[in-house]
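A structural walkthrough
So the chains spell out like this:
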Amino acid sequence: MRRYLRSIWKRIKLRGTSYSDRHRSLDSLYRIEDPWEMSSPKEQARFVAINTLIAQHLGRVDSILEVGSGEGHQSVHLAQLADRLVGIDISQRAVERARRRCPSQTFEACDVFTIPTQHLRKQFGLVVACEVLYYMKDPAVAISR
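An account of the accompanying structure is given in this report. Throughout this document, residue positions are counted from 1 along each chain, in the order its sequence is written. Predicted model: local features are reported for residues with pLDDT of at least 70 only, side-chain atom pairs are reported and counted for 80 or more only, and whole-chain, interface and lining totals are derived from all residues. Computation of side-chain values covers all heavy atoms of the structure but excludes hydrogens and water.

Relative to the helices and strands, I143 is located in helix α6 (residues 139-144). Categorising residues by exposure relies on relative accessible area from a 1.4 Å probe, with only protein chains included: less than 20% of the type maximum marks a residue as buried, more than 50% marks it as exposed, and the intermediate range marks it as partly exposed. With a relative accessible area of 59%, I143 lands in the exposed category. Sequence separation of I143 and V127 is 16 residues, and the distance between their C-alpha atoms is 9.5 Å. Each helix is a run of DSSP H or I of at least 4 residues and each strand a run of E of at least 2, with the numbering of both proceeding from the N terminus.

This paragraph deals with the pattern of salt bridges. Here, a salt bridge means any side-chain nitrogen of Lys or Arg that lies within 4 Å of a carboxyl oxygen of Asp or Glu. Using the criterion set out here, one finds five salt bridges in the structure. Among the ionic pairs, D27 bridges to R93, the shortest N-O distance being 3.5 Å. Taken together, the positions of D27 in helix α2 (residues 23-29) and R93 in helix α5 (residues 92-101) put the pair 66 residues apart, joining distant regions of the chain. Relative accessible area serves as the criterion here: at 22%, D27 is assigned to the partly exposed category. Here E71 makes a salt bridge to R97, at a shortest N to O gap of 2.7 Å. Of this pair, E71 sits in the loop between β1 (61-67) and α4 (73-78) while R97 is found in helix α5, placing the two residues 26 residues apart along the sequence. Residue classification places R97 among the buried residues on the basis of a relative accessible area of 13%. The network of salt bridges with common partners includes E43, R46 and E131.

Here the focus is the environment of S104. Residue placement: S104 occurs in the loop between α5 and β3 (106-109). In this structure S104 comes out as exposed when scored by relative accessible area, which is 64%. As a C-alpha pair, S104 and L85 span 19 residues in sequence and 8.9 Å in three-dimensional space. Between N or O atoms, a polar contact is any pair within 3.5 Å; within protein, one atom must be a potential hydrogen donor and the other a potential acceptor, and residues adjacent in sequence are included only when both atoms are from side chains. Among the polar contacts listed, one links the side chain of S104 to the side chain of Q105, at a separation of 3.2 Å.

Attention now moves to the nonpolar core. Side chains that are nonpolar tend, in soluble globular proteins, to be buried together. Within this scheme, the nonpolar core is defined by two criteria: the residues are buried Ala, Val, Leu, Ile, Met, Phe, Trp, Tyr or Cys, and they are joined through side-chain atoms within 4.5 Å. I54, I64, L78, F107, L126 and V128 are the most contacted members of the largest nonpolar core, which totals 14 residues. Every element with two or more residues in this core is listed here: α3 (41-57), β1, β2 (82-89), α5 and β4 (126-128). The criterion used for residue contact is that any of the two residues' heavy atoms lie within 4.5 Å. The contact partners of I54, leaving out residues within four places of it in the chain, are G59, L78, L81, L126 and V128. Counting residues in each nonpolar core, the second largest holds 11 residues, with L65, V67, I88 and C110 among its members.

Below is the structure:
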């Protein structure tokens, strides 16, 4: 029953969010913990696979910008590949949970257009945006930023 209710909650909150920059709807999803079920074995396996690909093709990088870091589930894995990880998400609730999950990393409640300038003074060795571009009104502009 709980899984069914979570599914309905997500369906309602995600209505109309594709390619729309509807931050408020996305933020409200985080009224419940782990709304995307990132702690599931399936998602954890995906994070391991992504880390394996990054390690094979890039090796260790000095820094990673994780766009759409959510509650930091993938951040735990990505942080293993870099000296510094900065995660950004539009949800303050998600960012607070990510800070608890990965206390040695940096998380900000913002988007790619409002990221604090102190994080942009240095280039990032890698920028990842897993499962978030389809929630941005203009993904090409976001990628260019």
